[in-house]
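If you want the building blocks of each chain, they are given just below.
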Amino acid sequence: IHLKIYSPHVLALTMVDLPGMAKVAVGDQPVDIEEQIRDMSLKYVSNPNAIILAVTGANTDLANSDAIKLSQELDPFGERTP
């Protein structure tokens, strides 16, 4: 992702790329990887000033997207989710 904003009137912007919503631990990942990722994601997207960009693979049914489900839980009216 490449983002450029040019303006003397824009506040500082921080972009955080969070890991995907994993379900199953692979290799040396901790067995509670799903919970750890959800907790980490909630830490950032619970901020009412955060803009939520829920990304889902093109080969995934949107009805099964954990990222979209989480964004709808935290932003039910779509005010922070483009």
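Structure's up top.
Residues numbered from 1 in each chain as written. Predicted model: local features only at pLDDT ≥ 70, side-chain atom pairs only at ≥ 80, totals over all residues. Heavy atoms only, no water.

Before going further, it helps to spend a moment on the overall build of the protein. Tallying secondary structure elements over the protein gives two helices and zero strands in all. The C-alpha radius of gyration of the protein comes to 15 Å, more than 25% above the 12 Å expected for a compact globule of 82 residues. Projected onto its principal axes, the C-alpha coordinates of the protein cover approximately 45 × 30 × 25 Å. Expressed as a percentage of its 82 residues, the buried residues of the protein come to 15%. Just so you have it, the protein exposes about 6900 Å², and 56% of that area is on carbon and sulfur atoms. Distance between charge centroids for the protein: 6 Å, based on 6 positive and 11 negative side chains. (Helix = DSSP H or I, 4+ residues; strand = E, 2+ residues; numbered from the N terminus. Rg over C-alpha atoms; globule rule 2.2 N^0.38 Å. Buried < 20%, exposed > 50% of the residue type's maximum accessible area, 1.4 Å probe, protein only. Areas by Shrake-Rupley, 256 points an atom, 1.4 Å probe, with all protein chains shown as cover. Lys, Arg positive; Asp, Glu negative; His and termini not counted. Charge placed at Lys NZ, Arg CZ, Asp CG, Glu CD.)

Looking now at helix α1 (residues 33-45). In this model, α1 (13 residues) spans 18 Å end to end at C-alpha, consistent with the 18 Å of a helix rising 1.5 Å per residue. Those residues of α1 that sit buried are I33, I37, S41 and V45. One side of α1 holds all its buried residues, which, seen down the axis, span an arc of 85°. On its buried face, α1 is in contact with α2 (66-74). (Expected span 1.5 Å × (residues − 1). Arc of directions from axis to C-beta. Contact = heavy atoms within 4.5 Å.)

Right, let's talk about a nonpolar patch on the surface for a bit. Judged by side-chain polarity, L3, I5, V10, L13 and M15 come together as a nonpolar surface patch covering roughly 480 Å² of accessible area. Along the chain, L3 falls in the segment before α1. What makes L3 partly exposed here is its relative accessible area of 49%. (Patch = residues over 30% accessible without salt bridge, like charges linked within 9 Å, V, L, I, M, F, W, Y side chains within 5 Å. Salt bridge = Lys/Arg side-chain N within 4 Å of Asp/Glu carboxyl O.)

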